[in-house]
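So the chains spell out like this:
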Amino acid sequence: MDHEPQPVQQIIVDLDDNEPKPAPIPASEPSVSPPELQLAEQPKTKDNTSSSSSKPVASKEGGKSDSKKKAEKPKSTLPKLIQLEAYLSNHATDLIILLMIVLSDITMAWWGVWEFTAPHWTTPSDVLRYTLPIARCGGRLVSWNAALILLTGSKQLWTWIRKTPLHYAIPIDNVMPYYHKLIAWTIIASGCVIHLIPQIYNYASDTIKLRGGMWTFGKGVAGTQLLITGILLTVGFSVFYITTLEKIRRTSVGFRIFWIAHVLGIVVVIPCLIIHGTQRGYPVTVYFMCGPLLVYLVDVFVRRLYPPAMMITRSLEAKT
């Protein structure tokens, strides 16, 4: 039985390049040559070698440019006005609350300075004419922000507000600790810097004398009481500041110290503020703090009566 002859690839040697080349395959039976032979079909000439050598250089340059493009931060395509609109829509309530706090602090500071300036108040002392307005400015800021910080610490109150439509207008999640911490820093700066430094100079220069007993009821100035309560308030504010540092508060023992310092501080600081802030028989600090203090005490009582775990359990039972 006769077999048809299979086409045989003949290797033709190119004398110029000394590299083998496959013979042409008949058109009737197309086939694909092996990769080795495909490479052999391209003779190495000077043009090819130059082009092949230039290709890696181009790829390197292209790689560098691509890496530079990746390293560059992508530019936003949104206009600046649209970015500003998006920022305001997300943070407008925070900015409004912050602006209200700043404006109220400016008002209280101006009120304190106004009380001890002419023609409302005059003094023959050249020292008190300048130190008392500054000290009273810091005192008014302490009294006002002490009332605000009691409201920010009323956790049960804000839990209740969260269930009302007011939560759309008030950034409740930022009340504690953002606004609480901001107000606390204002109290420390106002009490330990703006109020304390002029009073130290007054006592050091003997402009304010240690007299008048322990109470300020009457027209006189109780220098002894003001000094004692002022020292206690300075110590209390310093303890507040030290125990709220993150390195201390983040540890288990430090948090316990932080909590005890807050409890004892409230018990000591609030009475000292009320006594220290009594001006010529008028308990001015009480006028600021009576409402927020009542809210805070009720809030603490409710939290002790209904712990957070019990409140969560009741809310889950109500949903089911």
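A quick note: this is a predicted structure, and the numbers were derived from the prediction, not measured.

Colleague: Any chance you could explain the environment of cysteine 272 here in plain terms?
Modeller: Looking at where cysteine 272 falls in the secondary structure, it is placed in helix α9 (residues 252-276). With 43 residues separating them along the chain, cysteine 272 and threonine 229 place their C-alpha atoms 5.6 Å apart. Other than its neighbours up to four places away in sequence, cysteine 272 contacts Thr229, Leu232 and Leu233.

Colleague: Could you clarify how one ought to interpret unusual backbone geometry in this entry?
Modeller: Note on backbone geometry: most residues besides glycine have negative phi, and most peptide bonds are trans. Proline 119 follows alanine 118 through a cis peptide bond whose omega is 5°. Mapped onto the elements of the fold, proline 119 is located in the loop between α3 (80-115) and α4 (128-152). Cis geometry marks the peptide bond from methionine 176 to proline 177; its omega dihedral reads 15°. When you line up the elements, proline 177 lands in helix α6 (residues 175-204).

Colleague: Can you help me understand the packing of aromatic side chains in this one?
Modeller: The relative placement of two aromatic rings is captured by the distance of their centres and the angle of their planes. On inspection of all chains with the given rule, the structure shows seven aromatic pairs. Taken together, a centroid distance of 5.9 Å and an interplanar angle of 45° make the contact between tryptophan 111 and phenylalanine 288 tilted. One end of the pair, tryptophan 111, is in helix α3; the other, phenylalanine 288, is in helix α10 (residues 284-305), and 177 residues separate them in sequence. On the accessibility criterion, phenylalanine 288 (13% relative accessible area) is buried. Between tryptophan 185 and tyrosine 241 the ring centres are 5.5 Å apart and the planes differ by 75°, which places this aromatic pair in the edge-to-face class. Taken as a pair, tryptophan 185 in helix α6 and tyrosine 241 in helix α7 (residues 223-243) lie far apart in primary sequence, 56 residues in all. Residue class for tryptophan 185 comes out partly exposed when judged on its relative accessible area of 46%. On the basis of relative accessible area, tyrosine 241 is assigned to the partly exposed category, the value being 35%. Three or more aromatic residues link up through ring pairs in this structure, and these residues are Trp111, Trp144 and Phe288.

Colleague: So what exactly am I meant to see when it comes to the packing of α3 against α6 here?
Modeller: Geometry of a packed helix pair, given as the angle between the helix axes and the separation of the axes. Packing of α3 against α6 brings their axes to within 12 Å, and their N-to-C directions diverge by 20°. Comparing the axis directions of α3 and α6 gives the class roughly parallel. Pair α3 / α6 crosses with right-handed handedness. For the pair α3 and α6, contact is made by Asp94, Ile97, Leu98, Ile101 and Asp105 and by Tyr179, Leu182 and Thr186, respectively.

Colleague: When you look at the confidence of the model for the protein in this model, what are you seeing that I'm missing?
Modeller: Predicted coordinates in areas of low pLDDT are best not read in detail. In the predicted model, the protein carries a mean pLDDT of 78, and 68% of its residues have values of at least 70. For the protein, per-element mean pLDDT is lowest for strand β1 (residues 11-14), which scores 47, and highest for α4, which scores 94. For residues 8-17, every residue scores under 50 in pLDDT, and the model assigns this stretch 15 contacts once sequence neighbours within four places are set aside. Under a pLDDT of 50 for its full length, residues 44-58 has, in the predicted model, two contacts with residues more than four places off or in other chains.

Colleague: Is there a simple way to think about the pattern of salt bridges in this case?
Modeller: Opposite charge on two side chains allows them to pair when their charged atoms are near. All chains considered together, the criterion is met by seven salt bridges. Salt-bridge contacts for arginine 129 lead to aspartate 126; the nearest nitrogen and oxygen are separated by 2.8 Å. Residue classification places aspartate 126 among the exposed positions, given a relative accessible area of 54%. Residues aspartate 206 and lysine 209 are paired through a salt bridge, measuring 3.0 Å at the closest nitrogen-oxygen approach. Classification of aspartate 206 as partly exposed rests on a relative accessible area of 44%. Put simply, Glu115, Arg136 and Arg140 are held in one network by salt bridges that share partners.

The rules we used
Just so you know, the residues in each chain are numbered from 1, in the order the chain's sequence is written. For this predicted model, a pLDDT threshold of at least 70 governs which residues receive local features, and a threshold of 80 or more governs which side-chain atom pairs are given and counted, while totals over whole chains, interfaces and linings are taken from all residues. The side-chain values count all of the structure's non-hydrogen atoms but skip hydrogen atoms and water molecules. Helix and strand definitions here come from DSSP, where helices need a minimum of 4 consecutive H or I residues and strands a minimum of 2 consecutive E residues; each element is numbered from the N-terminal end. The contact rule is simple, with two residues in contact once any of their heavy atoms fall within 4.5 Å. Aromatic rings from Phe, Tyr and Trp, with only the six-membered ring used for Trp, were paired whenever their centres fell within 6.5 Å, and each pair was classed as stacked if the ring planes differed by under 30 degrees, edge-to-face if by over 60, and tilted otherwise. Accessibility here uses a 1.4 Å probe with only protein chains present; expressed as a share of the type maximum, an area under 20% marks a residue as buried, one over 50% as exposed, and anything in between as partly exposed. What counts as an axis is a line fitted to C-alpha atoms, over the stretch in contact for a helix, and the angles between N-to-C directions run from 0 to 180 degrees. An angle below 35 degrees is treated as roughly parallel, one above 145 as roughly antiparallel, one from 65 to 115 as roughly perpendicular, and anything else as oblique. Take the far helix as your reference; a near helix turned counterclockwise from it by less than a right angle gives a left-handed crossing, and one turned clockwise gives a right-handed crossing. Confidence scores per residue from the predictor, reported as pLDDT, run from 0 to 100. When a carboxyl oxygen of Asp or Glu lies within 4 Å of a side-chain nitrogen of Lys or Arg, that pair is called a salt bridge.

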